[in-house]
Amino acid sequence: MGKSFDIGLERLTGIGVPGIGETQEGGVKPPLQDTSADLKIGHYVDASATKGGQAGMVVPQESTFYLETFGCQMNDHDSEKVAGVLLARGYRQVDGPEAAKVILYNTCSIREKAAQKVFSRLGELRPADDQEGKSFNTEDTEKEHRVHRDGRVLEKNHPSLRKIVNAGGGKIIGVLGCVAQQEGEEIFERAPWVSLVCGSASYRKLPQLIAELEAGNRRVTGLDTDTDETFETEITRRDNPWRAYLTIIEGCDKACSYCVVPFTRGPERSRGSASILEEVRRLAEAGYSEVQLLGQTVNSYADPSARKMRFSELLAAVAEVRGIRRVRFTTSHPRDFGEDIVEAIEAHPTICDHVHLPVQSGSTAVLRAMARTYSREEYLEKIALMKAARRPISITTDMIVGFPGETEKDFEETLTLLDEVQYDSVFAFKYSPRPNTPSLKMPDAIPEEEKGRRLGILMDRQREIQRVRNEKLVGETFEVLVDGKSRRENQWSGHTSSNRVMNFASPERELLGDYVQVKVVSAMPNSLVGEMVGRM
Ligand code: SAM
Ligand code: SF4
């Protein structure tokens, strides 16, 4: 997909440092553990399934599945739950589509390029004898550039799967997530070889849909969005052995004029506080020390139980669960961000000193057109609450450039907001017109080239802010949860409470999953370099 500037800025969150990609890609796999209600795994895959057969003729085993995820942390976590549903039915996960009986894509449609990607994948799976499917653009699929949520760019060759479908035959191919919800049954028209289409608001139905496919149904769908249920599973197959994700609120009731999420994820619905706390206790007993509470607007949490816990009370209660050392939460909406959340962070060192508070634009006029429900000044009041906290809080954000009608002056206001707030990281995106959204009909579209120019300027400005901010940390010591080991000897990486990436040297033999003290010796815009000075 050409060079994408949004990806460029996502990179700002942690790559560019030699060793980071190797560190976490470097073959260090967490242990396989079965905690019955919760599976912690690094590679819950059947390696033999991918090896079997002659070259190019991998025969899929019954009851195996391959699941590929696109998009945000919520999608990653949904996939963990989908995998849990399949594992509970006796399926095994394999690490490539060749050996899988069931191939699932959990998709993202937040920006056009993300949505296109899944149609590229489906194009690869098209059977040679298919006459019905519409044409697909499969360019870019041979080499995929994926930006990991930690900022690493993963690059992998994707073999054409045509042969695989023809050789293996009888595969069940499913599209899940936002593209499924957005395109619905149209996907069957475009790719008749797909048999399952299910949006995230209908995931409760997944076990039933899978049972129908197993019973021989050719096509099944889950596309309702009028639900008040959340997707909870008996088994969640977790990818990260230290950090556990937990969705506490699903869907979104905000109606930002550019965003597909309210259409694809359905209305806001929160999970009961008792059930959340029970899961956190189980996670702690299973050895997880960090939990991250998830929601598109996590701080709009509204406890449906009689307890009626506020979000800040829930944060505090999670922070007090024995064995939990770090509590993160994302994403917060500025409208529902109040002093009580800052007070909870101040009162509980276990709650991480990091808040991701997407602003989208520094111009009140653009914010109004985006229907963000706050002005620049009101947003800055929320920032002031955090800056006044006794404990320093790291602030990060999302921004969109080139929204229809964004003038040079509006854009300049976004730049001055960067200077004023001094974010520790920014995810910046070029505005992407999305189906059904009100902004689609707005006049004064900004040309792609101009969007790219603005994004480049924003990135440069923010990179410099991060360089200066990080340099001020040289000499300070931070607690780091070690989550990566480099192929290079004695090199490790991890995250501070403020979610900064720390690369450091230590001759210790095993540190993964440990909390250690690291002193910063040098700094870059996207990461810190340190040396270990002690254990916690
Ligand atoms: N709910 C969160 C909030 O309100 O800030 C954000 C969720 S959204 C999955 C993540 C980010 O994608 C948004 O903050 C926004 O910056 C970006 N985004 C959403 N729709 C977009 C669009 N149509 N074009 C470009 N970026 C978009
Ligand atoms: Fe999209 Fe706005 Fe909801 Fe965030 S708050 S998910 S940007 S509609």
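Residues numbered from 1 in each chain as written. Chains lettered and ligands numbered in written order. Predicted model: local features only at pLDDT ≥ 70, side-chain atom pairs only at ≥ 80, totals over all residues. Heavy atoms only, no water.

### Some details on the packing of helix 15 (residues 376-387) against helix 16 (residues 408-421)
Now for step 1: The contact between helix 15 and helix 16 brings their axes to 12 Å, and the two run at 15°. Of the possible angle classes, the one that applies to helix 15 and helix 16 is roughly parallel. Handedness of the crossing formed by helix 15 with helix 16: right-handed. Only E413, T416, L417, E420 and V421 of helix 16 make contact with helix 15, whose side of the interface consists of R376, Y379, L380, I383 and K387.
Now for step 2: By residue class, the composition of the contact of helix 15 with helix 16 is 5 nonpolar, 1 polar and 4 charged. (Axes fitted to C-alpha atoms, helices over the stretch in contact; angles between N-to-C directions. Helix = DSSP H or I, 4+ residues; strand = E, 2+ residues; numbered from the N terminus. Parallel < 35°, antiparallel > 145°, perpendicular 65-115°, else oblique. Left-handed = near helix turned anticlockwise from the far one by under 90°. Contact = heavy atoms within 4.5 Å. Nonpolar A, V, L, I, M, F, W, Y, C, P; charged D, E, K, R; others polar.)

### A closer look at the sheet that holds strand 5 (residues 102-107)
Now for step 1: The parallel open sheet is built from 6 strands, whose spatial order is 4-3-5-8-9-10. Strand pairing shows two members of the sheet lacking a second neighbour, strand 4 (92-93) and strand 10 (220-222), which therefore form its edges.
Now for step 2: Direction of pairing for strand 5 relative to strand 8 (residues 172-177): parallel, over a ladder of 6 bridges. Considered in strand 8, the bridge of I103 is made with I173. (Pairing = 2+ DSSP bridges.)

### Quick notes on the site of ligand 1
Now for step 1: As a matter of local geometry, ligand 1 sits amid 15 residues, with Q296, P358, Q360, D398 and S432 nearest to it.
Now for step 2: One of the side-chain nitrogen or oxygen atoms of R372 is found 3.0 Å away from an oxygen atom of ligand 1.
Now for step 3: D398 is positioned such that a nitrogen or oxygen atom in its side chain is 2.6 Å from an oxygen atom of ligand 1.
Now for step 4: When ligand 1 sits alone it has 570 Å² of accessible area, and the protein chains cover 92% of it. (Near = heavy atom within 4 Å. Polar contact = N/O pair within 3.5 Å; in protein donor to acceptor, adjacent residues only side chain to side chain. Areas by Shrake-Rupley, 256 points an atom, 1.4 Å probe, with all protein chains shown as cover.)

### Focus: unusual backbone geometry
Now for step 1: Cis geometry marks the peptide bond from T330 to T331, where omega comes out at 5°.
Now for step 2: Checked against the element boundaries, T331 lands in the loop between strand 16 (326-330) and helix 13 (339-347).
Now for step 3: One non-glycine residue, D444, lies in positive phi territory at about 60°.
Now for step 4: Using a relative accessible area of 56% as the deciding quantity, one classes D444 as exposed. (Buried < 20%, exposed > 50% of the residue type's maximum accessible area, 1.4 Å probe, protein only.)

### Some points on the confidence of the model for the protein chain
Now for step 1: For the protein chain, the average pLDDT comes to 84, and 81% of its residues sit at 70 or higher.
Now for step 2: Segment residues 1-57 is flagged for pLDDT under 50; beyond a separation of four residues in sequence, or across chains, it makes 147 contacts in the model.
Now for step 3: This model gives residues 135-168 a pLDDT under 50, and the stretch forms 93 contacts once residues within four places in sequence are excluded. (pLDDT = per-residue confidence, 0-100.)

### Things to note about the site of ligand 2
Now for step 1: C252, K254, C256, Y258, C259, V261, P262, Q296, T297, H333 and R372 make up every residue found near ligand 2.
Now for step 2: Among the residues forming the shell around ligand 2, the class breakdown is 6 nonpolar, 3 polar and 2 charged.

### With respect to the sheet that holds strand 15 (residues 290-294)
Backbone hydrogen bonds are what pair the strands of a sheet, in a parallel or an antiparallel way.
Now for step 1: Pairing is parallel across the open sheet formed by 3 strands, whose spatial order is 12-15-16. Each edge of the open sheet is held by one strand with a lone partner, namely strand 12 (243-247) and strand 16. Each strand of the sheet is rotated relative to its neighbour by a mean of 20°, with strand direction disregarded.
Now for step 2: Across the face of the sheet, helix 11 (residues 273-285) comes into contact with strand 12 and strand 15 while running at roughly 165° to strand 12.

### A closer look at the pattern of salt bridges
Now for step 1: Going through the model one piece at a time under the given rule, you end up with 37 salt bridges.
Now for step 2: Among the ionic pairs, E279 bridges to R271, the shortest N-O distance being 2.6 Å.
Now for step 3: Judged by its relative accessible area of 9%, E279 is buried.
Now for step 4: Under the relative-accessibility criterion, R271 is labelled buried at 9%.
Now for step 5: E464 is paired through a salt bridge with R467; the nearest N and O atoms lie 2.7 Å apart. Of this pair, E464 and R467 both sit in helix 17 (residues 448-471), 3 residues apart, roughly one helical turn.
Now for step 6: When its relative accessible area of 38% is taken as the criterion, E464 is described as partly exposed.
Now for step 7: Taking the relative accessible area as the measure of exposure, R467 reaches 30% and is therefore partly exposed.
Now for step 8: Put simply, R243, E290, R325, R326, R328 and E479 are held in one network by salt bridges that share partners. (Salt bridge = Lys/Arg side-chain N within 4 Å of Asp/Glu carboxyl O.)

### Focus on the packing of aromatic side chains
Now for step 1: A complete count under the given rule lists 6 aromatic pairs for this structure.
Now for step 2: On the numbers, 6.4 Å between centres and 55° between planes, the contact of F70 with Y105 is tilted. Of this pair, F70 sits in the loop between strand 3 (64-69) and helix 4 (73-88) while Y105 sits in strand 5, placing them 35 residues apart in sequence.
Now for step 3: Three or more aromatic residues joined by ring pairs form one cluster here, namely Y258, F403 and Y431.
Now for step 4: Sitting above the plane of the F429 ring, R111 keeps its charged end 3.8 Å from the centroid. (Phe/Tyr/Trp six-rings, centres within 6.5 Å; stacked < 30°, edge-to-face > 60°. Lys NZ or Arg CZ within 6 Å of the ring centre and 35° of its normal.)

### Here's the deal with the pairing of strand 12
Remark: a regular strand shows side chains that alternate across the two faces of the sheet.
Now for step 1: Judged by how many residues are buried, strand 12 sits mostly within the fold: 5 of 5 residues are covered.
Now for step 2: The alternating pattern of strand 12 places R243, Y245 and T247 and A244 and L246 on opposite faces, both of which are buried.
Now for step 3: The pairing of strand 12 with strand 15 spans 5 bridges and is parallel. Looking across to strand 15, one finds that L246 is bridged to L293.

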